[in-house]
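Descriptive structure summary
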Amino acid sequence: MADESFASTTYNFRLRDAFFGGQMLFVAFGALVLVPLLTGLNTNVALFTAGCGTLVFQLITRGRVPIFLASSFAFIAPIMFGVQQWGVPATLCGLVAAGVFYIILSFFIRWSGPGFLNRYLPPVVTGPVIMVIGLVLAPTAVHMAMGRTGSGDAWLVPEPTAMIIAGVALATTVLVALLGKGWFRLVPIFSGIVAGYVVALILDFTGTAASLQAGFAPGDLANYTSTRLIDFTAVKESPWLAIPHFVFPEWSLDAIFFIVPVAIAPAIEHVGDILAISSVTGKNYVEDPGIQNTMLGDGIATSIACMLGGPPNTTYSEVTGAVALTRAFNPAIMTWAAITAILLSFVDKVGALLGTIPAPVMGGIMILLFGMITVVGINTLIKAQLDLSIARNLIIVSVILVCGIGGMKFTAGAFAIEKIGLAGILGLVLNLILPQSPAAKKK
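Residues numbered from 1 in each chain as written. Predicted model: local features only at pLDDT ≥ 70, side-chain atom pairs only at ≥ 80, totals over all residues. Heavy atoms only, no water.

In the structure shown here, the tally under the stated rule is zero disulfides. Here Cys52 is not cross-linked by a disulfide; its sulfur's nearest cysteine counterpart is in Cys306, at 13 Å. The thiol of Cys306 is not disulfide-bonded; the next cysteine sulfur, from Cys93, is found 10 Å away. Cys306 sits in the buried class, given a relative accessible area of 0%. (Disulfide = S-S within 2.5 Å. Buried < 20%, exposed > 50% of the residue type's maximum accessible area, 1.4 Å probe, protein only.)

Side chains that are nonpolar tend, in soluble globular proteins, to be buried together. Core analysis: the biggest nonpolar cluster contains 105 residues, and Met24, Leu32, Phe68, Phe73, Phe75, Ile76 and Met362 have the highest contact counts within it. Top contributing element to this core by residue count: helix H1 (residues 18-39), with twelve residues. (Core = buried A, V, L, I, M, F, W, Y, C linked by side-chain atoms within 4.5 Å. Helix = DSSP H or I, 4+ residues; strand = E, 2+ residues; numbered from the N terminus.)

Here we come to the packing of aromatic side chains. The final tally for this structure, using the stated rule, is ten aromatic pairs. When the ring of Phe48 is compared with that of Phe346, the centres are 5.9 Å apart and the planes differ by 85°; the resulting orientation is edge-to-face. Taken together, the positions of Phe48 in helix H2 (residues 43-60) and Phe346 in the loop between helix H16 (332-345) and helix H17 (348-354) put the pair 298 residues apart, joining distant regions of the chain. Ring plane angle 40° and centroid distance 4.9 Å describe the contact between Phe81 and Phe258, whose orientation is recorded as tilted. Pair noted here: Phe81 is in helix H3 (residues 76-86) and Phe258 is in helix H12 (residues 253-259), with a separation of 177 residues, a long-range link. Both residues of the pair, Phe81 and Phe258, count as buried. Chaining the aromatic ring pairs together yields one cluster made of Phe26, Phe29 and Phe190. One Lys or Arg, Lys349, reaches over the ring of Trp240 and ends 5.4 Å from the middle of that ring. (Phe/Tyr/Trp six-rings, centres within 6.5 Å; stacked < 30°, edge-to-face > 60°. Lys NZ or Arg CZ within 6 Å of the ring centre and 35° of its normal.)

Structurally, the position occupied by Ser345 is in helix H16. Within the local environment of Ser345, its side chain forms a polar contact with the backbone oxygen of Ile342, the two atoms lying 2.5 Å apart. Those residues in contact with Ser345 that lie beyond four places of it in its chain are Asn44, Leu47, Phe48, Ala242 and Pro244. (Polar contact = N/O pair within 3.5 Å; in protein donor to acceptor, adjacent residues only side chain to side chain. Contact = heavy atoms within 4.5 Å.)

Take a look at the structure:
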C-alpha cells in the first residue's frame, strides 16, 4: 500500500517514487504489448509511444490526472485489416487521423460542452459499434487458438498442441480475473500470457511438442509447424540496446475513412475513464482540467504515437484500478511509469523475447478479450436502459450489427469503406435522420 503522501492529488515528482511508477507500468504491460503483438506493430515502439503519450497528456492536462496512456484495444480490428489491405505505413496514416479526430472533438466539447457526445453519439450508436469491434475479429481469435494464422490459411502450431496452450492461457486469465488478490488481480492478461508461455516451454522440454508435430496431419492448409514451439535464436542475436524501429505514415485516404469512424467508441470510453479516475480520487477532472483538455491530450498523444509507428493511445482502466487499490493519487507516479516505458523500449531483447510467444497463447487471450469488448457494447445498451421494442432503436442497432459483422462495403472510385467504419457512419447518420418515436419523446 502507498504511504499517506501518495494520497495527495498534487503533482509531486520524487526519486523515491520511481519503483512505484515501474509497478504501475507492470500493471499495464500485458495489455500494452498485446496490441502490437496481435497487429504486427513493433512492441518496443509501443512502449516508447506509450511513455511519450503519457508525458504529453500530463503536459496538456498540467499534471492533474493520475492516469496512464497506452495501446488501445478498440483499434485492434481496424489495424489488422488495414495492415493486410494497405500495409503498415498507410494504416498509420488512418490512425494519425483518428488522433486528429479526438483533437477536433475536444474543440467541439470546448465550444458546446460535454453534452455534445451524448447528443450526437448516444448509446444506441456506440453500444452496437463496440459490439462490432469485438465480433468482427472473433474468427481470428479462434483460428489462432487452434494453431492457425489469423486468417486461417496456414498452420503455425499443430492443433492438439495449440488447444492445450490456448486453454491454459485462457483459463489462467479467467481465474486470475475472478480469484486474484491485490496486485495480482490487476494483471490477468499478463498472467495468462506467462502461463501459456511456460506450458509451451514445458511441451518443448519434455518432447511432447515434437511428438504431436510428428503425428499431425495438416490437411489442405499450408503447414508451417515446427518440432519446437519457442525459438530463442532471435533473442540471442538481438543487441541489448538499440533504437526502436520507428515506422512513419504514408498518405492513404482509404485508411483515413476506414479508421476514423472507429474512434467514436474510444472517444466515449475516454469520458468514462475520466469519470472513473475522478470517482477514485474524489476530484472532478471533467471540470478541472476539463474533459476538453483530457480529450485533447489523448488526441495529441495518439497522433504522436502513430506518427512514430506505435498503436493509438488510450487511458488505461487497469492502471486506474491500481490507483484505487494503492491510493497512489500523485500524478507524478505516472511520470515515472512513462519514463520506465521509454527506457525499456531501448532494450531490444525485450521485443525479441515477446516475439517468441506462440500464436495459440495470444489466441487464448483473444477469445476472452474480443468477447469482453462485445460485452462492453451490450452493457452500454443495458446501462442506458435502451428499449429495443421501439422501432427507431431496433433499426439503428440492427443496421450497425449486420453491416459491421457481415462485412458490408461501400465503394466510390478509389474510395472504399467497410465493416466497422461503415457501421459507425451508418449508425451516426441514422441517429441524426430518424425521427424520435412518440414513446421515446414521452420518456
